[in-house]
Amino acid sequence: MRRPLLTVMVLLSLTGCGGAPAEVSTSSSASTPPTTTSSSAPTTTTTTTTTTTTKPRPKQVVVLDPGHNGANATHAAEINRQVPAGRGRMKPCNTTGTATNAGYPEHSFTWDVAVRVRDLLAAQGIQVIMTRQDDNGVGPCVDQRAAIGNQSGAAAVVSIHADGSTNTSAHGFHVAYSSPPLNEAQGEPSTRLAGTLRDAMVSAGFPTSTYVGSNGLSPRDDLGGLNLSERPAVLVECGNMRNATEAAAFSGPTGRQSYAAAIASGILAYLA
Ligand code: ZN
């Protein structure tokens, strides 16, 4: 009987910083007791029937940001347009991304993994917003992607990428976060999100990067999407597309599902 109440407390404190309407849960809890008391005889058991286990949870919003896009390569002018990237800098709107040596493009990988993560989170009752709706378009620019996360009031924003180091022995994933933080969300919430994602990837058996960051984490001050985020935000580089072992994992549905499951698990751990 204590556990549901504790869950409610946690949810309320989460929604307090997430901006979601907290009164949804309080009003529904207030409306449940009268039905139970009126249907039962006037005994002393009424207090025990007021447990809040059936109370609907307010939906948490997660923004998934699949890196790049399918038509970026054929729209150089749009993609190279300079946009604000935070810390007073300008950067190209977006980039084409990398590819495996066999030609499997990063934008296809990030799109496919993001769809799989979306489905896994949606199955847990999470509302997922994607920064792009397919893998055939241009952009959106990094500042627009950040704006989508900010306007949604997301509890977490996760960008999904894969790297393209020409050092083919370099491998492993890393999770980047904005550092030094430019606002409160980029501080403890973002580093905690980076930690839960890193832990979930390690638990799933993925090696941490041999060539970027340390212990699978990489503080960055040059990533526009992270710099401009006002929500807890991280960017996952799943591995090196030029590394033969990781390229093989990226190129098949089984491998992509494994990455998606680990990312979803890390997000759920953060939201718990
Ligand atoms: Zn990328």
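Above this text sits the structure in question.
Residues numbered from 1 in each chain as written. Predicted model: local features only at pLDDT ≥ 70, side-chain atom pairs only at ≥ 80, totals over all residues. Heavy atoms only, no water.

**Regarding the packing of aromatic side chains**
Here is step 1: Considering all chains together, one arrives at 4 aromatic pairs under this definition.
Here is step 2: Considering the side-chain rings of phenylalanine 109 and phenylalanine 250, the 4.5 Å spacing of their centres and the 50° angle between planes classify their relative orientation as tilted. One end of the pair, phenylalanine 109, is in helix α4 (residues 106-122); the other, phenylalanine 250, is in helix α8 (residues 244-251), and 141 residues separate them in sequence.
Here is step 3: Classification of phenylalanine 109 as buried rests on a relative accessible area of 0%.
Here is step 4: Residue phenylalanine 250 is classed as buried on the basis of its relative accessible area, which comes to 0%.
Here is step 5: Relative to tyrosine 259, the ring of phenylalanine 206 has its centre 4.0 Å away and its plane inclined at 15°; by these criteria the two rings are stacked. One end of the pair, phenylalanine 206, is in the loop between α6 (188-203) and β7 (217-220); the other, tyrosine 259, is in helix α9 (residues 253-271), with 53 residues separating them in the sequence.
Here is step 6: An aromatic cluster is present here, built from Phe109, Phe206, Phe250 and Tyr259 joined pairwise through their rings. (Phe/Tyr/Trp six-rings, centres within 6.5 Å; stacked < 30°, edge-to-face > 60°. Helix = DSSP H or I, 4+ residues; strand = E, 2+ residues; numbered from the N terminus. Buried < 20%, exposed > 50% of the residue type's maximum accessible area, 1.4 Å probe, protein only.)

**Topic: the pairing of strand β4 (residues 127-130)**
Here is step 1: The alternating pattern of β4 places Val128 and Met130 on a buried face, while none of Gln127 and Ile129, on the opposite face, is buried.
Here is step 2: The pairing of strand β1 (residues 61-66) with β4 spans 4 bridges and is classified as parallel. By the bridge assignment, valine 63 is partnered in β4 with isoleucine 129. (Pairing = 2+ DSSP bridges.)

**Overview of the side chain of arginine 145**
Here is step 1: Mapped onto the fold, arginine 145 is located in helix α5 (residues 142-152).
Here is step 2: Looking at arginine 145, its side chain comes within polar contact range of the side chain of aspartate 65, at 2.7 Å. (Polar contact = N/O pair within 3.5 Å; in protein donor to acceptor, adjacent residues only side chain to side chain.)

**Quick notes on the nonpolar core**
Here is step 1: Val117, Val158, Leu197, Ile263 and Ile267 are the most contacted members of the largest nonpolar core, which totals 40 residues.
Here is step 2: Going through the elements one at a time, β1, α4, β4, β5 (156-163), β6 (174-178), α6, β8 (233-240) and α9 are the ones with two or more residues in this core.
Here is step 3: Counting residues per element, this core draws most heavily on α9, which supplies 8 residues.
Here is step 4: Sequence-distant contacts of valine 158, that is, excluding residues within four places in its chain, are made with Val63, Leu64, Asp65, Leu193, Leu197, Val234, Val236, Ile263 and Ile267.
Here is step 5: Ala154, Val157, Ala176 and Leu226 belong to the second-largest nonpolar core, a separate cluster that totals 9 residues. (Core = buried A, V, L, I, M, F, W, Y, C linked by side-chain atoms within 4.5 Å. Contact = heavy atoms within 4.5 Å.)

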